[in-house]
Amino acid sequence: MRPTLAVAAPAALAVLLFSCGRAPEPVDLLGPGERLVEASAAGTGREAVLEAAPRGLRLNDVVRRGFPAGPPGRLRFALDIPSGARLQLACAIDPRFHERPGVEFVVKVVRDGREEVVWTRLLDPIARAEHRVWVPVDIDLAKQAGRGRELVLETRGYEQPGDPRRAWWGTPALTVARRAPLAVVYLVDTLRADHTGVYGYPRKTTPELDAFARDAVVFDAAIVHASWTKPSVASILTSRLPGQHRAVQLRDPLDPSNVTIAQRLDERGWATGAAIANSVIYGAESEFDRGFDVFTGLHGDDDQRSKLVGADVVVDSALAFLRSRQGMPTFLYVHTMDPHVPYAPPPPFDRMFEPFPTEEHPARDPRTDYKEPLDRERMIAQYDGDIAFGDREFGRFLRELKAAGLYEDALVVFLSDHGEEFLDHGSWLHGRSLFDELIHVPLLVKLPGNRGAGTRVSEQVQGLDIVPTVLEAMGLPLPGDLGGQPLQRTLAGGSKPRPALAEVSHRGFVAHGVRTEGDKYVRRFSPDDDELYFDLLRDPGEKASIAERHPERVRLLQAQAEAGMSPNPFRYVVQVAGRGRFALKLETRGWIEGVEATGLGPDERSSLGGNGRWLELRLRSRPGAPREIGFAVRPVGAPVTLAGTRDGRPLRPADVGVGDGSFHPEAFPFRLPDIESETERDRGINLFAASRTGAPGVQVWLALPPGRKIQEMDEESRERLKALGYVGPG
Ligand SMILES: [Zn+2]
């Protein structure tokens, strides 16, 4: 306990000073603009500099707010420099200028009219690879402390003034050692609750987490709202269900209408940071970076993306962020992903649990390495080794918080975004079903002052509860639009059990369910087409669906599940052109809705039947007068098929074209394209454009309603996602 005691004294001193009204306070130089008395960058003025600051620069997947500083650049702040202050910031050169001569960054302090250069550095991205990323800077300003100072940040170049965004001062702040609120959400991707010691696993995978549990409240029934990363994390960070935040599929960004916990705290002047290993979250177009001062997407050795980043790198990044915001109220989101495929823990964790992998049986990925039943055991042993490695790093993270005097008063929420399947129900990996091995996650909450430490809560809680829990713990008001409730209320026994909705629409696996403390209902739309109902008290392993025996209960839960379903982000458009008589039938296991038909004559019709399960079209088109029918489908990803006749004979492949490339179906009924389950054939075809050929017959494409966006998939993001099994062979 020595380190903790060692830091207790300065912390107590800080409190004492504060009570005398003399405690130094940190200064966020990106904060209120009145301190900034002069600002220019490459010829542009203060307004342009301030306007660019909140967005900052994305460099090598690190998004950092900051001031543009294209040389010659000058920022002059009039302020008091607190005693013991450090100037913490990062410098960068925009990648568009990495092949150009460097930029010199200079920091000066002016006191009593005298100017003193306190620091300079030349960033030279041509010669030095380490200057092609954000370069952190930590300058001791203790000697310059005092009232009525000026802090000057200058840049100089060796070329004519150019682009103001060529260089950047990232997140400049004067930090001081003092106590301040800290809230941490620490998420371990793909961690099954039942593979941790605190939830009863016999293997010693998580000694650090088990020790942490003594300071925390342990929630025995925590349910997340999706079985893969993006929708689950979006619900955790926004307190909205997937049907509301709509970051459901690979190509859905987190729409700006969703306010994240980072934004809520940022609005109140908190320092906000994230250290993230999963590119699904940190990818350029995913839009999870809103509200963060520093949003760090981490790469592995040799700049390899994602899974190859160990928790050690993530924890280092998280700790560096905390150091750079010392003394400020801080929110930190940490996202490690060691247990995700490929299962490949570093030594000695690869030899921690038996059976060990062999050269013929590498046990890294079930899609390639499952050749015999023992391979399952090998993969579980490697998965457990990954958990143990991540656990060691979680322990290191906590020890560093303690050493910095931050632990005791901090809120630390530990959880996972989903679990993993090991043939429990016939599948591998995640994002394919909604069984409990996927949606029941570990959730441990260490409240400030370790309130409720050691308590176990059996009541079912959910991912939506994280945002209100953070706000409540920090003494902030709860906005009315949150879907969850603070876990402090659950701990106090003041809440009613609530059902949890969960869904998946990923790579052609589409299901929606609702879980209560006693039972669970799941409607599967694809590839299965059925309903499941389990009595979780008698059958916690969800082995036998008994939907037929409980029709009334099933109907009730079904209505709850359906209420959470949202339609595809796009609409289907079916166009019939040229001369001909067409009878088309579109069928879905979900619901066709919002049908709009244009150009139809009196003897033509479009009729919706089967409670939205099918749409029949009888069309008699003429050249130059195409018929067009648009419709939406709910839920997201529900398959739609097309079949029919042309001039009385069955449709042929050549009668139907899809997207701008007009590819033809192989057979009928034909499953209409979807943006998630794209095949190799779909690559290079723009599904969001009508055919360019103008051929007569049936054309199908997708249309985005105004205001909706989907992410582009460039070759690099595709490769990254492939490495993690999000695209490519299933
Ligand atoms: Zn995940």
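Note that the structure is a prediction, hence the values are computed from the model and not measured.

Help me out: how do you make sense of the packing of helix H8 (residues 311-324) against helix H10 (residues 373-403) in this one?
Packed helices, taken two at a time, are described by the angle their axes make and the gap between the axes. Interaxial distance between H8 and H10 falls to 9 Å at its minimum, and their mutual angle equals 15°. Taken together, the axis directions place H8 and H10 in an arrangement best described as roughly parallel. The handedness of the crossing between H8 and H10 comes out as right-handed. Only Phe389, Gly390, Glu393, Arg396, Phe397 and Glu400 of H10 make contact with H8, whose side of the interface consists of Ala311, Asp312, Val315, Ala318 and Leu319. When the residues that make up the contact of H8 with H10 are grouped by side-chain class, the tally is six nonpolar, one polar and four charged.

What exactly am I supposed to notice about the sheet that holds strand E6 (residues 73-81) here?
As a general point, the strands of a sheet are linked pairwise by backbone hydrogen bonds and lie either parallel or antiparallel. Strand order in the open sheet formed by five strands is E2-E6-E11-E8-E9, and the pairing between neighbours is antiparallel. The open sheet has two edge strands with one neighbour each: strand E2 (36-41) and strand E9 (114-123). The sheet shows a mean angle of 20° between the axes of neighbouring strands, direction not considered. With five bridges joining them, E2 and E6 adopt antiparallel strand pairing. Across the sheet, the residue bridging to glutamate 38 is arginine 76, located in E6.

Looking at this model, I keep getting lost on the sheet that holds strand E24 (residues 500-506). Mind explaining?
The strand order E24-E25-E26-E27 describes an open sheet built from four strands, whose pairing is antiparallel. Edge positions in the open sheet fall to E24 and strand E27 (530-535), since each of these has one partner strand only. Strand-to-strand, the axes of this sheet are offset by a mean angle of 10°, without reference to chain direction. The pairing of strand E25 (residues 509-515) with strand E26 (residues 519-526) spans six bridges and is classified as antiparallel. Note that in E26 the partner of glycine 513 across the bridge is valine 522.

Before we go on, may I ask you to explain the domain arrangement of the protein in this structure?
Much of the literature gives interface size as the accessible area that the parts lose upon coming together. Per the domain assignment, the segments of the protein are domain 1 (25-175), domain 2 (182-495), domain 3 (508-563) and domain 4 (571-703). Measuring from the centre of the C-alpha atoms in domain 3 to the corresponding centre in domain 4 gives 32 Å. Looking at the side of domain 3 that touches domain 4 residue by residue, the class counts come to two nonpolar, three polar and one charged.

In this structure, what is going on with the environment of arginine 376? I would like to understand it.
Note on placement: arginine 376 falls in helix H10. Taking the C-alpha atoms as reference points, arginine 376 and tryptophan 428, separated by 52 residues in sequence, lie 9.8 Å from one another. For arginine 376, the residues in contact, after removing those within four places along its chain, are Tyr370, Phe422 and Leu423.

It is not clear to me how H10 should be interpreted in this structure. Could you clarify?
An α-helix turns once per 3.6 residues; consequently, residues spaced three or four apart project the same way. Relative to the 45 Å expected for 31 residues at 1.5 Å per residue, H10 spans 46 Å between its end C-alpha atoms, a close match to the ideal helical length. Just downstream of H10, glycine 405 is the residue with a positive phi angle, here 75°.

What am I meant to see in the pairing of strand E21 (residues 440-446) here?
The side chains of a regular strand alternate between both faces of the sheet. With seven of seven residues buried, E21 lies mostly within the body of the structure. Relative to E21, strand E14 (residues 217-223) is paired through five bridges, and the arrangement is antiparallel. By the bridge assignment, isoleucine 223 is partnered in E21 with histidine 440.

Looking at this model, I keep getting lost on the confidence of the model for the protein. Mind explaining?
Regions with low pLDDT should not have their predicted coordinates read in detail. This prediction gives the protein a mean pLDDT of 91; 92% of its residues lie at or above 70. Here residues 1-20 is a poorly scored stretch, pLDDT under 50, and it has 18 contacts once near neighbours within four places are set aside; other chains count.

Just checking my understanding: could you explain unusual backbone geometry for this structure?
Most of the time, phi is negative for any residue but glycine, and the peptide bond is trans. With omega at 0°, the peptide bond leading from proline 347 into proline 348 counts as cis. The linkage connecting arginine 634 with the following residue, proline 635, adopts the cis geometry, with an omega of -5°. As for its placement among the helices and strands, proline 635 is situated in the loop between strand E33 (627-634) and strand E34 (640-646). Although it is not a glycine, aspartate 112 adopts a positive phi angle of roughly 50°. Position of aspartate 112 relative to the elements: it lies in the loop between strand E8 (103-111) and E9. Located in the positive-phi region is arginine 507, a residue other than glycine, with phi close to 50°. Considering the arrangement of structural elements, one finds arginine 507 in the loop between E24 and E25.

Sorry if this is basic, but what is going on with the nonpolar core here?
Soluble globular proteins tend to bury their nonpolar side chains together. Formed by 191 residues in total, the largest nonpolar core has its most connected members in Val184, Tyr186, Val314, Ala318, Val334, Leu411 and Val413. A total of eleven residues in this core trace back to one element, the largest contributor, which is H10.

Looking at this structure, I do not really get the environment of valine 313. What am I missing?
Inspection of the secondary structure puts valine 313 in helix H8. As a C-alpha pair, valine 313 and aspartate 465 span 152 residues in sequence and 28 Å in three-dimensional space.

What is the right way to look at the pairing of strand E31 (residues 605-609) in this model?
Within E31, only zero of the five residues are buried, which leaves it mostly out in the open. Pairing of E31 with strand E32 (residues 614-621), which is carried by five bridges, proceeds in the antiparallel orientation. Bridge assignment links glycine 609 to a residue of E32, and that residue is tryptophan 614. Hairpin connection of E31 to E32: four residues between the antiparallel strands, including glycine 610 at a positive phi of 60°.

Even after reading the chapter, I still don't get helix H12 (residues 466-473), so can you show me in this structure?
Of all eight residues in H12, seven are buried; the element is thus mostly enclosed. When we look at burial in H12, the residues that qualify are Ile466, Val467, Pro468, Thr469, Val470, Leu471 and Ala473. Just past H12, the residue glycine 475 takes up positive phi, approximately 70°.

What counts as what
- Each chain has its residues counted from 1, following the order in which its sequence is written.
- At least 70 in pLDDT is required for a residue's local features to be given in this predicted model, at least 80 for side-chain atom pairs to be given and counted, and no such filter applies to totals for whole chains, interfaces and linings, which use all residues.
- Helix axes are fitted only over the stretch in contact, all axes being lines through C-alpha atoms; the angle between N-to-C directions runs from 0 to 180 degrees.
- Numbering of helices and strands runs from the N terminus; a helix is a DSSP stretch of H or I covering at least four residues, while a strand is a stretch of E covering at least two.
- Geometric relationships in this document are graded by angle, where less than 35 degrees denotes roughly parallel, more than 145 denotes roughly antiparallel, 65 to 115 denotes roughly perpendicular, and other angles denote oblique.
- Should the near helix be turned anticlockwise from the far one by less than a right angle, the crossing is termed left-handed; should it be turned clockwise, right-handed.
- Any residue pair is listed as a contact if its two C-beta atoms, each placed from the backbone, are within 7 Å.
- Polarity classes work like this: nonpolar for Ala, Val, Leu, Ile, Met, Phe, Trp, Tyr, Cys and Pro, charged for Asp, Glu, Lys and Arg, and polar for all others, with Gly in that last group.
- Here the rule is simple: two strands pair whenever DSSP picks up at least two bridges between them.
- Marked domain ranges trace back to an automatic or database domain assignment.
- For a helix, the expected span equals 1.5 Å multiplied by the residue count minus one.
- Exposure classification rests on a simple neighbour count of other C-beta atoms within 10 Å of a residue's own: a residue reaching 20 or more is buried, one at 12 or fewer is exposed, and one in between is partly exposed. C-beta atoms are placed from the backbone.
- Per residue, pLDDT measures the predictor's confidence, with a range of 0 to 100.
- A set of buried Ala, Val, Leu, Ile, Met, Phe, Trp, Tyr and Cys residues, joined to one another through C-beta atoms within 7 Å, is what we call a nonpolar core.

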